[in-house]
Amino acid sequence: MSPSKAVPYKTYLEENELPRAWYNMRADMEKKPAPLLNPATLKPVSAEDLEKVFCRELVKQELDDTTPFIPIPQGIQDFYRMFRPSPLVRAYFLERALGTPAKIYYKFEGNNTSGSHKLNSAVAQAYYAKEQGLKGVTTETGAGQWGTALSMACAFYGLECKVFMVKCSYEQKPFRREVMRTYGASVTPSPSMETEAGRRINAAHPGTTGSLGCAISEAVEAAVSKDGFRYVLGSVLAQVLLHQSVIGLEAKKAFDKIGEKPDVIIGCAGGGSNLGGLIAPFMGEKLRGEADYRFIAVEPASCPSFTRGRYAYDFCDTGRVCPLQKMYTLGHDFIPSANHAGGLRYHGMSATLSELYAQGLMEAVSVEQTAVFEAAEKFARIEGILPAPESSHAIKAAIDEALRCKAEGREKTILFGLTGTGYFDMVAYGKYNDREMTDSIPTDAELEASFAKLPAAGR
Ligand SMILES: *Cc1c(COP(=O)(O)O)cnc(C)c1O
């Protein structure tokens, strides 16, 4: 079977078809996501609270749950044009290999140097920081994708970029670090001796290799203690989902163009930004009662926020400096066991997706690591792209769905988000190839111990 002439293998949009406005799903939600709370007063955070930490325009976007379309400034559209639209690909070869009657499509976000969808929000956040006249931004990075994307965006707009990189990643992923430095970022292993938070953690746990929660605390402290700096975050927040809506808006337009419509939309979920972006316009139709779709979030069994977490107010970071957010959470102290999908190791989930899930508008599944790499290997050999371990969670769920279609003899159209490439994850692939990879799943007792530490507002 060769790719059909009627339906192209890859669908691109014309330049004049690129989105000119982001879509804010919250505007169409009857019951809105719960507001962020100030951890000191337990009252909803004010713009003034947030502006000490975040850029002004981004605070406005964070707090806006009523405006459906927010124009994309020309300066951001210009950057998007350098790497967008991303292709919508019909996975003909995977369909044939599976022998499924289902049609499988994926939206590929790995076609830029950072290698993932994170650049969509990094560009927006750096742009607004520059507009505000700031000198630079600080952030944390775990696996390194977000830090890389932000470095690229800061280089383009002429901003300083200070990245706190979780120490074990800093040591294990020297190439990610060097990409960031090549784009002009300064990269500090966390915990460092540069911040109060870092010194405290180093003193309490000598020789620690760090955690994402700790790096967040350091990056926030560095931002608020430096003139002309703000902190930026690459996932979880509503503003990040808003920027990522370009993925879904492009996908929707491309489907309209080829006269198709997905029945099931699948994405991996770490903090929820790519999934929230991919489903946005489709969920909008569902919320407005115009069309129906199934949405499936895929998470690692080692960090199962949706499938086993509590829907409660919790801290977004270990250092408890960030606002409280109502979300599906495993507890802010939860540290998932070693898992190679670094981008899916966050303890919580986007408040918007959490509310949609609580309302039954979205489903979630968890998958085990070895099964994910098996799917990744299959996909690489059949479709040619070496996927990121995070993205491979969505591949695994899409393959399972396609096989169910085969068993039931049903012809459905499946769309999944292929969020990035896996070139910096070869240590993980090596473990899989050497059959040294294992699955580890938290016990109920471990989760209960973590839930017991939820803040009083969350219980
Ligand atoms: C960060 C990352 C994710 C997970 O983050 P979300 O905010 O849930 O989208 C998924 N895939 C890749 C490649 C990533 O870098």
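A short tour of the structure in this document, coming up. (Residues numbered from 1 in each chain as written. Predicted model: local features only at pLDDT ≥ 70, side-chain atom pairs only at ≥ 80, totals over all residues. Heavy atoms only, no water.)

**Details of the site of the ligand**
In the vicinity of the ligand there are 18 residues, among which Lys118, Ser235, Gly270, Ser273 and Asn274 approach most closely. Between Gly270 and the ligand, the recorded distance is 2.7 Å, taken from a backbone N or O atom to an oxygen atom. Gly271 is positioned such that a nitrogen or oxygen atom in its backbone is 3.0 Å from an oxygen atom of the ligand. Burial of the ligand by the surrounding chains reaches 98%, relative to a free accessible area of 390 Å². Across the shell around the ligand, the residue classes break down as 4 nonpolar, 12 polar and 2 charged. Taken together, domain 1 (3–78 + 116–231) and domain 2 (83–114 + 243–458) each give at least three residues to the shell around the ligand, which thus spans both. (Near = heavy atom within 4 Å. Polar contact = N/O pair within 3.5 Å; in protein donor to acceptor, adjacent residues only side chain to side chain. Areas by Shrake-Rupley, 256 points an atom, 1.4 Å probe, with all protein chains shown as cover. Nonpolar A, V, L, I, M, F, W, Y, C, P; charged D, E, K, R; others polar. Domains from an automatic or database assignment.)

**What about unusual backbone geometry?**
Residue Arg84 is joined to Pro85 through a cis peptide bond whose omega torsion reads 0 degrees. With respect to the helices, strands and loops of the structure, Pro85 is situated in the loop between α3 (74–83) and β4 (88–90). The linkage connecting Ser190 with the following residue, Pro191, adopts the cis geometry, with an omega of 5 degrees. Examined against the element boundaries, Pro191 turns out to sit in the loop between β8 (186–190) and α9 (196–204). For Leu42, which is not a glycine, the phi torsion comes out positive at approximately 60 degrees. Summarising the element assignment, Leu42 is placed in the loop between β2 (21–23) and α1 (47–51). For Leu42, a relative accessible area of 45% gives the class partly exposed. Residues other than glycine seldom take positive phi values, yet Arg435 does so here, at roughly 60 degrees. Within the fold, Arg435 resides in the loop between α17 (426–433) and α18 (444–451). For Arg435, a relative accessible area of 63% corresponds to the exposed category. (Helix = DSSP H or I, 4+ residues; strand = E, 2+ residues; numbered from the N terminus. Buried < 20%, exposed > 50% of the residue type's maximum accessible area, 1.4 Å probe, protein only.)

**Let's talk about the packing of aromatic side chains**
Going through the model one piece at a time under the given rule, you end up with 22 aromatic pairs. Summarising the aromatic geometry, the rings of Tyr106 and Phe379 are spaced 5.3 Å apart at their centres and angled 75 degrees between planes, so their arrangement reads as edge-to-face. On the criterion of sequence distance, the pair formed by Tyr106 in strand β5 (residues 103–108) and Phe379 in helix α15 (residues 369–383) is long-range, its members being 273 residues apart. We note that Tyr106, like Phe379, is buried. Put simply, the rings of Phe79, Tyr80, Phe83, Tyr127, Tyr128, Phe156 and Tyr157 pair up and form one aromatic cluster. The ring of Tyr170 is capped by Arg177, whose NZ or CZ atom sits 4.5 Å from the centre of that ring. Against the face of Tyr432 rests Arg435, its NZ or CZ located 5.4 Å from the ring centre. (Phe/Tyr/Trp six-rings, centres within 6.5 Å; stacked < 30°, edge-to-face > 60°. Lys NZ or Arg CZ within 6 Å of the ring centre and 35° of its normal.)

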